[in-house]
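This is what each chain is made of:
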Amino acid sequence: MNKRLLKQLCAIFGAVMFFLLFDLAIYFNFTRKCLSGFDAKASLDAVDVEKYIPFEQDSELAEINTSVSLDGELPTLDGAAALLPVYASVAQAVYPQDSCKFQNGGFTADSAVQFTNTHGAYKAVVDGSADVVFCAAPSKEQLDYAEEKGVRLKLVPIGREAFVFIVNEKNPIDQLSSAQIKDIYSGKITRWSEIGGENRLIDPLTRHPLSGSQSVMDKFMGETKIKKSPLCAFGSSIGFSFRCYFTQLTDSSGVKMLSVDGVYPDIENISNGSYPLVYDFYAVYREDNDNQNIEKLTDFILSEDGQKIIEECGYSPV
C-alpha cells in the first residue's frame, strides 16, 4: 500500500470519526434531553418520588387533619407525575398507614399508592390494576383504548392547573400571544427575531403523544396542526408543561415561564381566571367499578379538607 493511499484512507477514517463524534455530541447534549422517555422508570427519574411518600416523616406532602378515614377495600391510586403530591397526600390523609409501601426506590406491587405516568395510569384504570387515577383529560388514543376494552370512564373534576410555556432564562422574550405560540408550533414563525427576540431558530419541543401535557397542547392548538421539525441544535427552544410540575417537582433552574396574552401564570392569575390557559384535572375511575370507597374518596377530595390538599399542593381548587 503506497503512502498516498494510506493518507487518503486515514483522511476518510478521520472524517468518519469526526462526524460520528459530532453526532454523538449533538445527541447527548441536545437530542437526548428532548426525547420523551415514556415509562415508569422515566417518571421515577424525572421526579424525586421519595419526597412524596405517604406517612414518611420528612415528606413534602400536604398535611390535613380530617375525621374521614377509609378502611376495607381501599382503591388503588395512580396518576400523572405532576399529580403525585396530590393523590399521595390524599392517601396520607384518609388511608391507614400500612396501606402505602415503598421499597428500593419504588412503591411495592401491593401498595395502595402507585406511580407510573399519565399513559400508564390510564392503561391501569382501564385494565383494572388501578381503581382511581389522577390525570389531565384523556387523549383520543386513551379514550379509544377504553372503548376498545369496552370500558366507560367517569371523570370527576377535582382541581385546576395552569398550562405554561417555557424558554431559557436568557431569552429576551418574556411573553407571547396565543396566536404567536400557535404560529411557532405550526411552523409559520421559525425565528425569534420575527417576534422581537434574537436572530436564532426556534426549536418548538413536544412531548410523547400520550402524555397529559401533550394532550392539553393538542387541545390548545385546536384545528391548527403541529409541524414536526428536526431539532434545531443551534437554535433556542420553547417547551410546555403544567405549572406545578415545572415549579415544584423538577429542577427549573435556567428556564422561565412566559406570560400568555399579557398574563403571567402565578397563583393569583390562575385563581381569578385571568390567565387564559387553565385546565381541570380529574379523579378518573371505571363506571363499572363497584368499590364503594371510590365515592367516599371523591367526596372527600371535593370536601373542604380535600380542596385544602389541592391548594396546599400548589393547585387551584374547584
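See above for the structure.
Per chain, the residues get numbers from 1 upward, laid out in the order the sequence is written. At least 70 in pLDDT is required for a residue's local features to be given in this predicted model, at least 80 for side-chain atom pairs to be given and counted, and no such filter applies to totals for whole chains, interfaces and linings, which use all residues. The basis for every side-chain value is the complete set of non-hydrogen atoms in the structure, without hydrogens or water.

Caption draft 1: A look at the pairing of strand β11 (residues 278–286). For β11, a buried count of 7 out of 9 residues is recorded, marking the element as mostly surrounded by other parts of the structure. The sheet contact formed by strand β4 (residues 132–135) and β11 spans 3 bridges and is antiparallel. Residue pairing in the sheet places Cys 135 in a bridge with Tyr 282 of β11. In this scheme, strands are said to pair when DSSP sees at least two bridges between them. Helix and strand assignments come from DSSP, with helices taken as H or I runs of at least 4 residues and strands as E runs of at least 2, each series counted from the N terminus. Examined bridge by bridge, strand β5 (residues 153–168) and β11 share 9 bridges and lie antiparallel to one another. Of the residues in β11, the one forming a bridge with Arg 160 is Asp 280. Only protein chains enter the accessibility calculation, which uses a 1.4 Å probe. A residue is then buried if its area is under 20% of the maximum for its type, exposed if over 50%, and partly exposed in between.

Caption draft 2: Broad picture of the state of the cysteines. Pairs of cysteine sulfur atoms within 2.5 Å are what we label disulfides. Applying the stated criterion across every chain, the model contains 0 disulfides. Of the cysteine sulfurs around Cys 244, a residue in no disulfide, the closest is that of Cys 313, at 8.2 Å. For Cys 244, a relative accessible area of 1% corresponds to the buried category.

Caption draft 3: Region of the structure containing a negative patch on the surface. Together, Asp 48, Glu 50, Glu 56, Asp 58 and Glu 60 make up a negatively charged patch on the protein surface. Examined against the element boundaries, Asp 58 turns out to sit in the loop between α2 (40–46) and β1 (77–79). The residues that make up patches have over 30% relative accessible area and no salt bridge, and they are joined within 9 Å when like-charged or within 5 Å when they are Val, Leu, Ile, Met, Phe, Trp or Tyr. Throughout, the Shrake-Rupley method with a 1.4 Å probe supplies accessible areas, and for residues the shown protein chains are the sole cover considered. Salt bridges are identified by distance alone: a Lys or Arg side-chain nitrogen within 4 Å of an Asp or Glu carboxyl oxygen. When charges are counted, neither His nor the chain ends are considered; positive counts come from Lys and Arg and negative counts from Asp and Glu. One atom stands in for each charge, and that atom is NZ of Lys, CZ of Arg, CG of Asp or CD of Glu.

Caption draft 4: View of the packing of aromatic side chains. Planes of paired rings set the category: under 30 degrees apart is stacked, over 60 is edge-to-face and the rest tilted, where pairs are Phe, Tyr or Trp rings (Trp by its six-membered ring) whose centres lie within 6.5 Å. Across all of its chains, the model carries 11 aromatic pairs by this definition. Where Tyr 87 meets Phe 134, the ring centres are 5.4 Å apart and the plane angle is 20 degrees; that geometry is what we call stacked. Of the two residues, Tyr 87 is situated in helix α3 (residues 84–94) and Phe 134 in strand β4; the sequence distance between them amounts to 47 residues. Of the two residues, Tyr 87 and Phe 134, both sit in the buried class. An angle of 80 degrees between the planes, with centres 5.5 Å apart, marks the rings of Phe 163 and Phe 165 as edge-to-face. Grouping residues by exposure puts Phe 163 and Phe 165 together as buried.

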